[in-house]
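# Structural overview for review
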Amino acid sequence: MALLVDVALPVPLFRTFTYEVNGETAHAVTIGSRVVVPFRQRREIGIVVGEGTPRPGMSPKRVLEAPDPHPVIGAPLLALCRWMAEYYVTPLGVALRSALPAALSGAASPAPSVKTRRVAVLSRELPTLLRRERIFARAPQQRALFELIETFGGRAPVDHLLEQLQFSPSVLKGLVARNLAVIDNEVVARDPFASRPAPAPPAHSPTVAQQAAISALTTGEPGETFLLHGVTGSGKTLVYIELLRRVVNERGRSAIVLVPEIALTPQTVDRFRAVFGDSIAVLHSALSDGERYDAWLALQRGEKRIAVGARSAVFAPVPDLGAIVVDEEHEGSYKQGEAPRYHARELAIVRARQEGAVVVLGSATPSLESWVNAHAGKYRLLALPDRVGGGRLPIVEAVDLRAIRAGSTPAGGAPDPDALFRSVISDPVRQALGERLDRREQSILLLNRRGYSAFIQCPTCGDVVACPNCSISLTYHRTPERLICHYCHHAEPPRAKCRRCGGTVLRQRGLGTQQVERLLSERFPSARIARMDVDTTSGKWAHTEILDRVARGEVDILLGTQMIAKGLDFPNVTLVAVVDADVGINLPDFRASERCFQLLSQVAGRAGRGPKGGQVFIQTRVPTHHAVRCALAHDYRTFVREELDGRVKPPYPPNVRIANVGFSGTTEDATARLASRCAAWLHALVAKVGSPVTIVGPAPSPVERIKNRWRWHLLLKSEQPRDLTRVLRYLAERFEVPKAAQLRLTIDRDPVSLL
Ligand code: ADP
Ligand code: ZN
């Protein structure tokens, strides 16, 4: 009887497919294997997820190829992907594809070619010295080669033997012919982090608070989740490291460390490398597909025991998982923006529960979700309330921008050349910057808006230059001089006239990092200024280069967007200033305040990490806004209390669970009609099955058009995740999206942004 298998394919259908395995491929196919199968006139790569059930009248097609000798998905990862597919309402095949390195999940091709080299390996049974006299009696060259390979541990690259050491190929052939050695292929791992010098491991012993956290973590129950709430500079990294030391070095298990973005956190990564060296695989975004696959293989084989990476590292194929660290757990970048729209923090918790590992979520400003879960007893709360070494949190002062008038002309009449500078960098900040330069200390300036000025406006008619493809204004960039859309990257030269009224004076409004950089360099010509934003960090290692320069003391002022707020630990930074705290605070998104509070608290936390202490200024027009007020006072708890109250009416997470259902298409009409029809369909469904899910909307999305696609959305809310799952599943499986105007429906569960 033919063997049938159940295959998950990365196609937008909520079902699996039955195929038949024939003699040739049967030996290589099991649960978790990749298979190449025919699907609608093409070849698709799928994963075997179970045995197929024969059904009368069914004549399944055959599996064409089974490219790998071993299954690529183990049972634990398959279980995780099943959970992800169910919860985020994604076909299982799509979920599985996102869990595999690109090299394995691309078009239907055989296993990717990784860089391999030929190695000569001595046979297991080494002849005794006495026997050697005999077997090599007439082959002294072979003996020399044999003993050389022996000194290399019984294994040496063929190239090295033949090229550098000048052995003739015939000598090696002789060894092989006599069964004294075999030629094997070995995967060559290429780790770009390997070329970075590893720093010295930390010599500190943990503080009392750190020790308490370490003890709790190392005696945690399998599957237990911890929330480590540690203020900035409280030494959370050391706690992670000690946990991993116990789990990996002492118990011989594996671990995963998730960081928001590797490129922005080279210091954190270096600290792990310093302690765990070669057992770490750093899954950097700059890795090529081949390099990523190498790292993946090394993890799967247990050659590397710790995976460090951004959100997709949660799928690292490590055996015997003992711990997962989610550093800066509040970061939005843990959420994937396309299907499956998973949150790596949630997957980490699920995976740890399934595999008996502990999870530690760390942050100075935990997400409201995690905070509420900790207080509901779902997670165990651990606290590091103080900075290490008796350091104190810096004093944070607000500078009220409303008191500073831009471009004002003093009584004498002549325009004040200083006015623009002073409207951007207030006097207290300017003075503090000057002092830092005199004392050769470093400063960090945050402005969360790149480009030169936010938008261009005609003062006569008020028209703002907008993107032709998106309902968003174009940002003025000066070097090179262009108007650029930050959503679709549309770029055009600046214009001389208003396209609406023909007015010839166009004003720049709002301020970006490029302009601040220019103002600073004019005011402080001798200062060494580094700007870090998307525009200065397009190279693979650009972030690291800038941060390394800061670490070496070659930068006086580091200016940048939110990129500079994360994880940096430079003891010589004694001043932090936020140029405009209000960027983003009024976005029509229920998380706008939370994000603002987190950003301000995190960037303030970069100051005063050394013995010299630190000072922070926050320039704002809304000093009484609770996000600003609580950041000024380092008061996380008050912020959480007020913010939670603000999410009761109307209810928003974590007071309720939500899913954002998005609609988009090439015409406004068709998109709006689809949204209304879907809302009506959902209302009918909810009424029919008596579901407690509520439907809000539909309405146009806050950004109504992106890349020439119109956007609408509606929200589904419910107390219980289960109810939401049921409705979403029905929606995904039963609701028909017409094939017109390139209409699309997307489901984003637990969204981090509603824009
Ligand atoms: P966090 O991530 O909580 O902001 P870090 O882990 O970056 O803090 O630690 C802040 C600084 O304190 C680092 O320079 C680190 O080397 C140092 N540090 C951590 N623990 C100790 C300790 N027990 N004794 C002395 N210094 C420590
Ligand atoms: Zn655009």
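Residues numbered from 1 in each chain as written. Chains lettered and ligands numbered in written order. Predicted model: local features only at pLDDT ≥ 70, side-chain atom pairs only at ≥ 80, totals over all residues. Heavy atoms only, no water.

### Structural notes on the overall build of the protein chain
Each helix and strand counted, the protein chain has 23 helices and 30 strands in total. Its C-alpha atoms give the protein chain a radius of gyration of 30 Å, near enough to 27 Å, the size a compact globule of 755 residues would have. Across the 755 residues in the protein chain, those meeting the buried criterion constitute 53%. For the protein chain, restricting intrachain contacts to residue pairs at least 6 apart in sequence, the fraction spanning at least 24 positions comes to 74%. Surface exposure of the protein chain reaches about 34100 Å², of which carbon and sulfur atoms provide 51%. With 97 positive and 75 negative side-chain charges, the protein chain shows a spacing of 3 Å between the two charge centroids. (Helix = DSSP H or I, 4+ residues; strand = E, 2+ residues; numbered from the N terminus. Rg over C-alpha atoms; globule rule 2.2 N^0.38 Å. Buried < 20%, exposed > 50% of the residue type's maximum accessible area, 1.4 Å probe, protein only. Contact = heavy atoms within 4.5 Å. Areas by Shrake-Rupley, 256 points an atom, 1.4 Å probe, with all protein chains shown as cover. Lys, Arg positive; Asp, Glu negative; His and termini not counted. Charge placed at Lys NZ, Arg CZ, Asp CG, Glu CD.)

### Looking at the packing of helix 19 (residues 592-604) against helix 21 (residues 636-646)
One can describe the packing of helix 19 onto helix 21 by two numbers: an axis separation of 11 Å at closest approach and a directional angle of 175 degrees. One element, helix 19, and the other, helix 21, form an angle in the roughly antiparallel class. Here Ser593, Glu594 and Phe597 of helix 19 lie close against helix 21, whose contacting residues are Tyr636, Phe639 and Glu643. (Axes fitted to C-alpha atoms, helices over the stretch in contact; angles between N-to-C directions. Parallel < 35°, antiparallel > 145°, perpendicular 65-115°, else oblique.)

### Some thoughts on the packing of helix 14 (residues 368-375) against helix 21
Direction vectors running N to C along helix 14 and helix 21 enclose 95 degrees, while the axes themselves pass 11 Å from each other. As summarised for this structure, helix 14 and helix 21 are arranged roughly perpendicular, according to the angle between their axes. Counted together, Leu368, Trp371 and Val372 of helix 14 and Tyr636, Arg637, Phe639, Val640, Glu643 and Leu644 of helix 21 form the full contact between these two elements. Of the residues assigned to the contact of helix 14 with helix 21, the class counts are seven nonpolar, no polar and two charged. (Nonpolar A, V, L, I, M, F, W, Y, C, P; charged D, E, K, R; others polar.)

### Re the coordination of the zinc ion (ligand 2)
The protein atoms donating to the zinc ion (ligand 2) are Cys467 (SG), Cys470 (SG), Cys485 (SG) and Cys488 (SG), with metal-donor distances spanning 2.2 to 2.4 Å. Positions of the donor residues of the zinc ion (ligand 2) along the chain correspond to the pattern C-x2-C-x14-C-x2-C. With Cys470 in the loop between strand 18 (455-457) and strand 19 (475-477) and Cys485 in the loop between strand 20 (482-484) and strand 21 (491-492), this pair connects stretches of sequence that are 15 residues apart. (Donors = N, O, S within 2.8 Å, 3.2 Å for Na, K, Ca; no water.)

### Regarding the pattern of salt bridges
Tallied over the full model, the rule gives 43 salt bridges. Residues Glu303 and Arg301 are paired through a salt bridge, measuring 3.3 Å at the closest nitrogen-oxygen approach. Given a relative accessible area of 48%, Glu303 falls into the partly exposed group. A salt bridge links Arg591 to Glu594; its shortest N-O distance comes to 3.9 Å. For the pair Arg591 and Glu594, a shared accessibility class is recorded, and that class is buried. The structure contains a network of salt bridges with shared partners spanning Glu369, Arg591, Glu594, Glu643 and Arg647. (Salt bridge = Lys/Arg side-chain N within 4 Å of Asp/Glu carboxyl O.)

### A closer look at the nonpolar core
Ranked by size, the top nonpolar core spans 93 residues in total, and within it Leu96, Ile256, Leu258, Phe315, Leu558 and Ile618 carry the most contacts. The element best represented in this core is helix 2 (residues 75-87), accounting for seven residues. Each residue touching Leu558, except ones within four places of it in the same chain, is listed here: Ser443, Ile444, Leu445, Ala530, Met532, Ile546, Leu547, Val550, Ile564 and Leu568. In terms of nonpolar packing, the next biggest core, distinct from the first, is built from 31 residues, Phe226, Tyr240, Val248 and Leu384 among them. (Core = buried A, V, L, I, M, F, W, Y, C linked by side-chain atoms within 4.5 Å.)

### Quick look at the pairing of strand 25 (residues 573-578)
Along any regular strand, the residues point their side chains to alternate faces of the sheet. Burial within strand 25 is extensive, with six of its six residues counted as buried. Looking at chain direction, strand 17 (residues 442-446) and strand 25 are connected through five bridges and run parallel. Bridge assignment links Gln442 to a residue of strand 25, and that residue is Val573. Taken together, the four bridges between strand 25 and strand 26 (residues 615-620) define a ladder with parallel strand orientation. In the sheet register, Ala577 faces strand 26, and the bridge partner there is Phe617. Between strand 25 and its parallel partner strand 26, the chain crosses via helix 19, and the hand of that crossover is right-handed. (Pairing = 2+ DSSP bridges. Right-handed = clockwise from strand over helix to strand, strands pointing away.)

### Structural notes on the environment of His343
Tracing the backbone shows His343 in the loop between strand 13 (321-327) and helix 13 (344-355). Between the C-alpha atoms of His343 and Pro751, which are 408 residues apart in sequence, the distance is 8.9 Å. In this structure, His343 is in contact with Tyr88, Tyr334, Lys335 and Val752, ignoring residues within four places of it in sequence.

### Notes on unusual backbone geometry
Negative phi is the rule for most residues except glycine; trans is the rule for most peptide bonds. With omega at -5 degrees, the peptide bond leading from Ala339 into Pro340 counts as cis. Among the secondary structure elements, Pro340 is positioned in the loop between strand 13 and helix 13. Here the bond from Lys649 into Pro650 is cis, since omega is -5 degrees, no more than 30 degrees from zero. Positionally, Pro650 belongs in the loop between helix 21 and strand 27 (657-665). For Asn179, which is not glycine, the phi dihedral falls at a positive 60 degrees.

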